[in-house]
Every structure is written in C-alpha cells, then in structure tokens.
Amino acid sequence: MRRACPRVVRFGCGLGMASLSLVAPRASAQSAIPTPTSVLGWAPGTDRKLPSWKQIADYFHAIDRASPRVSVRTLGKTTLGRPFLVAFISDPATLANLERYRQIQRKLVDPRLRRPNELPALLDEGKNIVLVTSSIHSTEVGGFMTPLVIADRLARQNDAETRSILANTIVMLVPSQNPDGVDIVGDWYRSTLGTATEGLGPPDLYHFYTGHDNNRDWYAFTQAETRYTVDSLYTPWNPQIVNDVHQQGPNAGRLFIPPFMDPVEPNIDPILTAGTNALGSEMTFRLIAEGKTGVATNASYDAWSPARQYSLNHRGVRILTETASARLASPLELSFEALGTGRGYDARVQSWNFPALWKGGTWSIGNIVDYQSSATWALLAAAARDRRQWLTSYATLGERALAENTPWTADSVPSAFVVPKTQADRQAVERLLWTLQHGQIEVRETTAPVSIGGTTYPTGSYAVLTRQPFGSYAKALLERQRYPNLREYPGGPPKRPYDVTAHTLPLLFGVEVAALFGPAPDVGAPIGPLPEPKYTVAGLSDTRARRVAIYKSYNASMDEGWTRWIFDANRIPFTTIVDRDIRAGKLNDRFDAIVLPDQQSAAIAKGLGNNYPDSLRGGLGETGRTALEDFVENGGTLLVFNDATAYAIDAFDLPVKNVLNGARSTEFYAPGSLLAVEFDKTKPIAAGVTTPVPAVWFEDSPAFEVTDPSRATVVARYPANGDPLLSGWLLGGQKLNGKAALVDVKLGKGNVVLYGFRPQYRGQTMATYPLIWDAIGRATGVQ
C-alpha cells in the first residue's frame, strides 16, 4: 500500500465535509505526472482515434507511479487474458490508510458491527465511497477515454473543488469493465478507417461470451469481469454512490441522467430512490448551467431488474449516464429536424425533463468525452460536498434493513425463505446458495423443523432470513415478480420495459424454495462460503468431441455467446461454425447435432448488410439452407432456439405454425417472463427435467400449433386453462392455452427440435438446460 505523502498534514473532521488535508504539491511534482496525451500520442476525444487496452493500462500505471493520489491495482485476468484494473484515487493520507476506511464502511453497512455510541465518530471520519465504472459496452467508445480525463484531473489539479473531492471521497475508478472489448472494437475500427464500414460495429460480440448482456449479469455472476467488480470492489466496500458511464443511440437526447422512469423494483429502499433522484437532478442542474444542452431525465431507463443495477440492491445509488453516440470515434452530422423521440420525451420539444434543446450539428467523440467527463465531475463534486449527509443516510439504510417493520418496502415480507437440502438437482441447489452468498446474503441452517403450508422442512434445511443487511436483495431474487401493467396511455399499448421483467432464481434454477410468513425460524449462525459447484452433464462433460456444433452468425447474436458459455461451463466439447462452414455442406461427416441460437430469421438467412466486406456478408443463403436441410434429412439433429424457429419452420416447410404471428401488443405481450408449462416426461428430450415448478423463459417468443401430428411431437405445452404467468408480466395469456412450447419434428432420418423459448437464457435457466442436453444425447447416442 502506498505510504503517506510527507507533505500532508491531517486534521480532524468536522460535522460537514472532511477538512481539506491536501496542500498544494510543488509545480515540479505536478509537471512530472504524465498526461493522457503523452501516453496515447493524442488527446482523448480526438476524431478517429481509439486507444488500445495496453495504452490505457500504460497510462494508469504511469500515473500510479507518478502521483501519490492514485493507487492502481490489477484485480485479475479477463476472459481473454487482459489485466482488469481499478484505480483508487483520494487524498494520499487516505490511500495510506485504506483498510481503516474500509472498516469504517463495514460498520456503517452493518449496525451489528458497531459498538454502542460509535456512530457519530464513524460519520465524522468516514469517506464517501464512489465507484465509477466505464465502457462495459465496448461500442460505447467514449468510455475508453473519459476515465483518463477524470484520473488526470484528480491527479493533477489543485483547485478547491478537486481538493474537496480528494479529501471527502475515495474514488474507485474502473477504466473498463470489458478490457477485451476495448481491443475487439478498437482493432476492428482501426481496420475499417476510410472504408464503407467505418463507424459500424464489429461482426463479433464485444464480450467473448455475452456481448451487450455483460451488463445483465449482476445477480448471476457468470462472467469473470462481473466477479472482479463484485468480489473486489462491491463486497469489500459497498459504495454509497455508483456512476455507471454508458452511451445510447444518437438520434434523441445528448445525455440521460436519473431520475429513472417507473417502475422501481419494490425491494429497493426509498432512501436510495430519493438519493438517486436528488443527485441526478443536481448533476443536471449543474450541466445545464454550464451550457450543456439535450439533457434528459426521467426518461428511457427504469430501475426494475437487479440484473443491471447491483448497487441499488446493495446500499448504493446508481447514477447511470447515457451519452449520445457518434459513429464509434467518427463524427456524425445530425440536423435538428432529424432528431426523434426517446421514451418519455421528444428531442425537438422543450419539456420539464428535457429543458434545454440541442439544435443539431456535428456530434463527435470529443463531445461524448466532454459530456461524460462533465457529468462524472458534477457527481464527484456533489458527493464530496455532502459527505456527511451521504454517510448518515447510508447508516440509516443499515438500520432499516434490520428493522422488524421492514420500512424498505410496502410489500408483505416473509420472515425467511427455506430451501430443503435434499432436491433432485443438487447442482442447482448449490448454485442457488453460491449465488446468494456471492451477493452478500447470509445463509443459515434451521435448528428445528419448519412447517410451511402443510409441508414440514426438517432440521438442517437452509434458511435465508429477511432481517439481515441484504435481506431485501434476497427477497427480490427469491420471490415471484409482479410487474405493473403500465400503458402508454389508458387503453393503449403496453409501455415497454427497458429490459426484462422476471428474475426469480428458484424458477430459473429449478429449486424448491418456500416463503415463511410469521415468526422467523430457529436458525444457527451463517454458514461459511460455499464453493461454486462444478457443473457436470452425465455422458457429455469432460469427453472427447461429441460432434456438436454451434452456429455463429457474423450478425453477432448474444444468445450464441451464452450458448457457448453454458457448454464451456459444463465442459462439453463443441465446434463453432460460421456461414461458410454450413454453405460448404457435408455436415453429417463432422456433426451429429447443430445448434441454431436465438436470432431473427432474416439475420440468419441474409446476414450483414452491404457496408460490410464481402467475406462477412450473405448469411446462410440458399446454399446454407440446403446444406442444413440435407444434414437433418441424413440423420442429423438441429436444435433451434426461440426466434430462430421461424427460420427453420419456413426454410424446411415444417408442419408447425406460430400462433402468435401478427398478434398486436395490445392482444399479447410478454417482454421477458417466466411461464408455466407441462412437460411430457415420456419423451426422451424431457426425461432429464427435474424442476419442481416447470417454467420456461418467454421473451417475445413464439407459441406453436402442430399441423401434422404424424411428423411432429409436442414435448411441452402451456396449460390448457388459466393464466400461465409465474413471474414477470404477461398480457393475453389465454392465447397460449394448450399451445406447444417445445416441438420435436421428424425430417427425413433426422429431427428439428423447436424451442419456443430460450432454454439457456443468459446462462441462468438451469431448469431447462436438460432439454438441450437430452436432445444432444439422443443425437450423439449418449441417451
């Protein structure tokens, strides 16, 4: 750990901001601090210039060596082997005593750790912990450079506001949450300069497995980069404030800052909602006063899913900033008349949540870095000025989490969730417990039997109490969601959620969990940390190649990445095949089963557009279609997920139709929900399903009707009566009654298996993984 700077004199803290302990460093010392320009060779925000990850890392290591205000740490290696960095930035005396401030933070988080009457001293001495994360989405390239601008300003400047930030906060600055993507996008962009492809995204996912979904991993913790941020930053520190730096589309506002739109996840403490609103509004006030235009609030983004907002479920306000994009680092010309609407505002109309119009013109990477840097600086200045208030409300959150009357929610709250130890899928139980513990949830064991709804759970069952520091987060993950029925206007179409509407782990993983209302059960102390299970599929894991292929379109699909991830997580060998491999034909010589992940039919058939190189264009085309048909007719099995089923049905003239084709959103709508199904366990594909509550992940998915039962067999269907919704939001559920969710179609000597859902959704739906493994097992002779 960096030793204290000898030129620092530390003073006691008053009742407001911590007294400024930083004195002006000598000019020679300041001039020795490298600038971003001196390392990159150009200023951040220069048109048509993007740094490599090595250049970004070199800069941060250089200021670590040169400035006593900066301490850079490597948290581990990314998926593709690059260093994952964080820079701690603060007063040098604070950096020399980070562990002391971390212990203060732990006591503010958990009142059980405090001595009587210790709180006032903790509030006097503690720092406002701010986590700034950037460029998790690698086509949002301004985020490559904004951290350099912020770090340079904090390391170099000595004005009163900078000194206040350094004295009152500890800034944890993550230059990129996806270093691999910095190079995936940067290398692609540099290779396309001066061509028709300049400014377009790469033909690969910018995270090896997840693409854009890397920011949907904040409760499942599947990816290495997520775990570094959670394990090394969130869990030890639980920051009061998180600034998540993003970009959005170019055609509406220039910048979004919270407040968020409705709905708010009902287990988020109102203090955090109010804190997010207040800080976001203050930032907007400052930016507009500085002359920034096109700033929108209470627009576009909601605060529902914990999949993308870990901090709001762990005591930290989340300030998401979304700046308008250019053409990667190439400028864009936009007239005022070409601007359009965002959710909740019109970029051509002045309104209370969009008060200063941007009049159009050139929009460049320089504008993006400027807006992002100004927003982050406004946040840091406010966090420093109001340090005492932030710490006071933070401590109050801890007390409310343990309060018997659960003031953090208006919902009824069970006293505990009980998980029986003996279940059909032990790996799923282990994953559930590991996931909860990884999110800082205490898991205990009962010391006496517990009766719930006529079922008695034996002594030694697992129990998750809701009166614990993060009991609200446990409730959010273990209960079923009821997303509000929001409409664009009375009687109008549904108001589209920003993301999905369900996150119920017991249904996703296929685990029995029972909610206990009334007195809490008798339990022991929290159990120790459990290891993540070693996921294994009998007959498929740790074997030689099983002649299985996963199709990868150059029109990159996140679902393809998640499919590869579940195969790798279960150590099941496979081969990735692209358009040219399929078009080459003779697929049966190499494979017994091919997976077509979720993707629009046109993207599979036609691929990328004309601005891309010839080698990447064309999709499968007629040649590829014929090759796949020959593969199945000659005995192969084609597994087709969700939207890709439309391609298979049309391409091979299958005796199946999607009964939801043409349905308006006012008639049927399911934007990411868990729905009840009934499996025919006599069918080999469904033989391995063990979930106590059969459910599938339905996200704008098809539902099937078989037109020739002699050629197609229904393996799973929706209940014949009633509403199939288990968790999330569903309109028009009666349209699903009795319809098929999973169909096994005979074609020649082979089979096309149509999954009208995502059976491996974001690496979470362990309950339906067996439907994949059993289909592959049948194809490869394992069953």
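What counts as what
- Residues numbered from 1 in each chain as written.
- Predicted model: local features only at pLDDT ≥ 70, side-chain atom pairs only at ≥ 80, totals over all residues.
- Heavy atoms only, no water.
- Helix = DSSP H or I, 4+ residues; strand = E, 2+ residues; numbered from the N terminus.
- Rg over C-alpha atoms; globule rule 2.2 N^0.38 Å.
- Buried < 20%, exposed > 50% of the residue type's maximum accessible area, 1.4 Å probe, protein only.
- Contact = heavy atoms within 4.5 Å.
- Areas by Shrake-Rupley, 256 points an atom, 1.4 Å probe, with all protein chains shown as cover.
- Lys, Arg positive; Asp, Glu negative; His and termini not counted.
- Charge placed at Lys NZ, Arg CZ, Asp CG, Glu CD.
- Polar contact = N/O pair within 3.5 Å; in protein donor to acceptor, adjacent residues only side chain to side chain.
- Pairing = 2+ DSSP bridges.
- pLDDT = per-residue confidence, 0-100.
- Phe/Tyr/Trp six-rings, centres within 6.5 Å; stacked < 30°, edge-to-face > 60°.
- Lys NZ or Arg CZ within 6 Å of the ring centre and 35° of its normal.
- Salt bridge = Lys/Arg side-chain N within 4 Å of Asp/Glu carboxyl O.

## Focus on the overall build of the protein
Turning to step 1, where the next piece is worked out: Helix and strand counts for the protein stand at 22 helices and 33 strands.
Turning to step 2, where the next piece is worked out: What you see for the protein is a C-alpha radius of gyration of 27 Å, in line with the 28 Å of a compact globule of 783 residues.
Turning to step 3, where the next piece is worked out: Taking the principal axes of its C-alpha atoms as reference, the protein extends roughly 85 × 70 × 55 Å.
Turning to step 4, where the next piece is worked out: Looking at the 783 residues of the protein, the share that counts as buried comes to 61%.
Turning to step 5, where the next piece is worked out: Across the protein, the fraction of contacts at a sequence separation of at least 24, relative to all contacts at a separation of at least 6, is 80%.
Turning to step 6, where the next piece is worked out: Accessible surface, the protein as shown: approximately 27200 Å² in total, 51% of it carbon and sulfur.
Turning to step 7, where the next piece is worked out: Each charge sign in the protein was given a centre, from 79 positive and 75 negative side chains, and these centres are 5 Å apart.

## Looking at the environment of E445
Turning to step 1, where the next piece is worked out: Counting through the fold element by element, E445 comes out in strand β16 (residues 444–445).
Turning to step 2, where the next piece is worked out: A relative accessible area of 29% means that E445 is categorised as partly exposed.
Turning to step 3, where the next piece is worked out: Sequence-wise, E445 and P526 are 81 residues apart; in three dimensions their C-alpha atoms are separated by 7.6 Å.
Turning to step 4, where the next piece is worked out: Polar side-chain contacts of E445 include one of 2.8 Å to the side chain of K421.

## Some words on the sheet that holds strand β2 (residues 83–89)
Sheet strands pair by backbone hydrogen bonding; their relative direction is either parallel or antiparallel.
Turning to step 1, where the next piece is worked out: Strand order in this open sheet of 8 strands is β1-β2-β4-β3-β5-β10-β6-β8, and the pairing throughout is mixed. Edge positions in the sheet fall to β1 (70–77) and β8 (295–296), since each of these pairs with one other strand and no more.
Turning to step 2, where the next piece is worked out: Pairing geometry for strand β6 (residues 255–256) and strand β10 (residues 317–324), over 2 bridges, is antiparallel. Counted as the bridge partner of L255 is T323 from β10.

## Concerning the confidence of the model for the protein
Turning to step 1, where the next piece is worked out: Scored by pLDDT, the protein comes out at a mean of 95, with 96% of its residues at no less than 70.
Turning to step 2, where the next piece is worked out: Throughout residues 1–27 the model reports pLDDT below 50, and contacts reaching past four residues in sequence, or to other chains, amount to 72 contacts.

## Focus on the packing of aromatic side chains
Both the distance between ring centres and the angle between the ring planes are used here to describe each pair of aromatic rings.
Turning to step 1, where the next piece is worked out: Under the criterion given, the structure shown has 28 aromatic pairs.
Turning to step 2, where the next piece is worked out: Ring centres of Y301 and Y498 lie 4.7 Å apart, and the angle between their planes is 65 degrees; this geometry places the pair in the edge-to-face category. Of this pair, Y301 sits in the loop between β8 and β9 (302–303) while Y498 sits in the loop between α15 (471–478) and α16 (505–509), and the two are 197 residues apart along the sequence.
Turning to step 3, where the next piece is worked out: Here Y301 falls in the buried class, since its relative accessible area comes to 6%.
Turning to step 4, where the next piece is worked out: Between W358 and W363 the ring centres are 5.6 Å apart and the planes differ by 75 degrees, which places this aromatic pair in the edge-to-face class. Like W363, W358 is buried.
Turning to step 5, where the next piece is worked out: In textbook terms, an aromatic cluster arises when at least three aromatic residues are bridged by ring pairs, as seen for W218, F221, Y234, Y310 and Y473.
Turning to step 6, where the next piece is worked out: The side chain of K292 reaches across the aromatic face of Y371, ending 5.6 Å from its centre.
Turning to step 7, where the next piece is worked out: Just above the ring of Y462 sits the side chain of K421; from NZ or CZ to the centre is 5.1 Å.

## Points about the pattern of salt bridges
Pairing between side chains of opposite charge can happen when their charged atoms approach one another.
Turning to step 1, where the next piece is worked out: The final tally for this structure, using the stated rule, is 46 salt bridges.
Turning to step 2, where the next piece is worked out: The salt bridge partner of E198 is R48, with a shortest N-O separation of 2.8 Å. Taken together, the residues span a long stretch of sequence, with E198 in the loop between α9 (179–192) and α10 (224–237) and R48 in the loop between α2 (36–40) and α3 (53–66) at a distance of 150 residues.
Turning to step 3, where the next piece is worked out: Owing to a relative accessible area of 8%, E198 belongs among the buried residues under this scheme.
Turning to step 4, where the next piece is worked out: Two residues, D204 and K552, come together in a salt bridge whose shortest N-O distance is 3.1 Å. Of this pair, D204 sits in the loop between α9 and α10 while K552 is found in the loop between β21 (548–551) and α17 (558–569), placing the two residues 348 residues apart along the sequence.
Turning to step 5, where the next piece is worked out: Overall, the relative accessible area of 22% leaves K552 in the partly exposed class.
Turning to step 6, where the next piece is worked out: A cluster of three or more residues bridged by salt bridges with shared partners is formed by D110, R112, E442 and R444.

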